[in-house]
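# Coordinate inspection notes
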Amino acid sequence: MAARTRNAGDHPAPNPGDHPAPNSGTSPAPNSGDKTDRNLALELIRVTEAAALAASKWIGLGEKNDADGAAVEAMRKAFDAVAISGTVVIGEGEMDEAPMLYIGEKVGAGGPPMDIAVDPLEGTTLTAKGGPNAIATVALADRGNFLHAPDIYMDKIAVGGRLPEAVINLDDAVAKNLRNLARAKKCEVSDLVACILDRDRHKELIAKTREAGARIMLISDGDVAGVIATTMPESLIDIYLGSGGAPEGVLAAAALRCVGGQMQGRLMYESEDQRERVRSMGHADPNRCFTCEDMAKGDVMFAATGVTPGAMLRGVKRFGGGAITHSVVMRSHSGTVRYVEAHHNFAQKTWWEAP
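Below is a short write-up of the structure.

What counts and how
- Residues numbered from 1 in each chain as written.
- Predicted model: local features only at pLDDT ≥ 70, side-chain atom pairs only at ≥ 80, totals over all residues.
- Heavy atoms only, no water.
- Helix = DSSP H or I, 4+ residues; strand = E, 2+ residues; numbered from the N terminus.
- Buried < 20%, exposed > 50% of the residue type's maximum accessible area, 1.4 Å probe, protein only.
- Contact = heavy atoms within 4.5 Å.
- Areas by Shrake-Rupley, 256 points an atom, 1.4 Å probe, with all protein chains shown as cover.
- Axes fitted to C-alpha atoms, helices over the stretch in contact; angles between N-to-C directions.
- Parallel < 35°, antiparallel > 145°, perpendicular 65-115°, else oblique.
- Left-handed = near helix turned anticlockwise from the far one by under 90°.
- Pairing = 2+ DSSP bridges.
- Core = buried A, V, L, I, M, F, W, Y, C linked by side-chain atoms within 4.5 Å.
- Salt bridge = Lys/Arg side-chain N within 4 Å of Asp/Glu carboxyl O.

Scanning the protein chain for helices and strands turns up nine helices and 15 strands. By the burial criterion, 55% of the 355 residues in the protein chain qualify as buried. Long-range pairs, those at least 24 residues apart, make up 72% of the contacts in the protein chain with a sequence separation of at least 6. Carbon and sulfur atoms make up 48% of the accessible area of the protein chain, which totals about 14800 Å².

Given below as structure tokens:
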């Protein structure tokens, strides 16, 4: 999928283990399926690990399509061992546009019906150039709980957790959102950093953000990583602003659901045909402003594995006969964020094609 990842160095990740997510809601109610959910969450890490490992051998080689293809194929094979009856609702394209992980494809080894949102390699260009913050991502929800988002632009605004409700509003002016966020964080607007994609279409947004007094981190790519970065203190990002891919918006919303973040998005159209397509997908109001909960409802799981080093995750470290991966998995049911460092022995791999 198209890559949009922020420029960041290789910063130390939080200590591995379980960490309560900020402002993630009340404690989970007793659930007889909780153990199953935990096991499934860890299975998702194996899926993103497979994609990241496969993509890692293309880092810096200048072949973004080959990197993406390797990640897609490895992720698809890894899903064969996951105990779900999954349907891809956010994927690599429509059935006639992508050979693997297309929208509507069935994956999994059999089990409960689940909807899947995937980006096997968010950061194809960055991977090809050896740039930072490329990741492999997967989100999982019960059937019908992900927004069916067409592959068009979405205007977005997002902030992290531990904030009052409704601290942001997509329809408010940039300056007002920044003032409200600064008030909620008990700081000055000048202390805030806004993450914005470095695109010509954002010139006015960038100018208004600077006029309001906030600092800006311009990123070359990375909607998902850029939004999630608002929830991570070490990323230095306080708010995400601007338009990017609608499918990536759903993936980011899934992650924010797990950690108590806030996000709003509205689809953007370049033609009347796009509006009609959105209506045909079941959206009666094409101009609706979607909340985080609208885009990813119910119990949600999100997993990501770093491909190249970034603020959120370390990249794949390859060595003779193996590699080390660094992943994160989140569950909205428990509000837990778990980091996993895995050491892989290529001689014993059976669920992905070792190089």
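There is more to say, and it comes next.
In the contact formed by helix 4 (residues 174-184) and helix 5 (residues 203-212), the axes pass within 9 Å of each other and the chain directions differ by 45°. Relative to helix 5, helix 4 is oriented oblique. Crossing of helix 4 over helix 5 shows right-handed handedness. Here Val174, Ala175 and Leu178 of helix 4 lie close against helix 5, whose contacting residues are Leu205, Lys208, Thr209 and Ala212.

We now examine the pairing of strand 5 (residues 135-142). Strand residues, when the strand is regular, have side chains that alternate between the two faces of the sheet. In terms of burial, strand 5 is largely enclosed, as seven of its eight residues are buried. Bridge count between strand 4 (residues 113-122) and strand 5: seven bridges; the pairing is antiparallel. The residue of strand 5 that forms the bridge with methionine 114 is aspartate 142. Here seven bridges tie strand 5 to strand 12 (residues 300-306), and the two strands are oriented antiparallel to one another. Of the residues in strand 12, the one forming a bridge with valine 138 is alanine 303.

The biggest cluster of nonpolar side chains holds 52 residues, and the ones touching the most others in it are Phe146, Ile228, Met263, Leu267, Phe302 and Met330. A total of 10 residues in this core trace back to one element, the largest contributor, which is helix 7 (residues 246-259). In contact with isoleucine 228, not counting residues within four places along its chain, are Ala255, Leu256, Phe302, Met312 and Met330.

Scanning the model with the defined rule gives 14 salt bridges in all. Put simply, arginine 46 and glutamate 43 hold a salt bridge, and the shortest N to O gap is 2.8 Å. With a gap of three residues between them, arginine 46 and glutamate 43 both fall in helix 1 (residues 34-56), about one helical turn apart. The partly exposed category is assigned to glutamate 43, whose relative accessible area is 24%. One salt bridge connects arginine 288 with aspartate 294, and the closest N-O pair in it is separated by 3.1 Å. Among the residues examined, arginine 288 registers a relative accessible area of 38% and is labelled partly exposed.

This part takes up the sheet that holds strand 8 (residues 215-219). Across the sheet, six strands lie side by side as 8-7-9-6-10-11; this open sheet has mixed pairing. This sheet does not close on itself; its edge strands, each paired only once, are strand 8 and strand 11 (289-291). Going across the sheet, the axis of each strand differs from the next one's by a mean of 20°, ignoring polarity. Strands in contact with helix 7 are strand 6 (153-159), strand 9 (239-245) and strand 10 (262-267); relative to strand 6, the strand with the most contacts, it is inclined by about 20°.

This brings us to the pairing of strand 6. Counting buried residues along strand 6, five of its seven residues qualify, which places the element largely inside the surrounding structure. Sheet analysis places strand 6 next to strand 9, joined by seven bridges and oriented antiparallel. Directly across from valine 159, in strand 9, lies its bridge partner isoleucine 239. As defined by bridge partners, strand 6 adjoins strand 10 across six bridges and the pair is classed as antiparallel. When the bridges of strand 10 are listed, lysine 156 appears paired with glycine 265.

This part takes up the environment of threonine 87. The residue threonine 87 is located in strand 2 (residues 85-90) in this model. Ignoring anything within four residues of it in the chain, the contact list for threonine 87 reads Gly104, Glu105, Lys106, Met114, Asp115, Ile116 and Arg143.

Okay, the environment of isoleucine 59 next. With respect to the helices and strands, isoleucine 59 occurs in the loop between helix 1 and helix 2 (64-79). Accessibility expressed as a relative area gives 29% for isoleucine 59, which makes it partly exposed. As for isoleucine 59 and alanine 134, which are separated by 75 residues in sequence, their C-alpha atoms are 9.8 Å apart. Leaving out residues up to four positions away in the same chain, isoleucine 59 has contacts with Thr127, Gly130, Val307 and Thr308.

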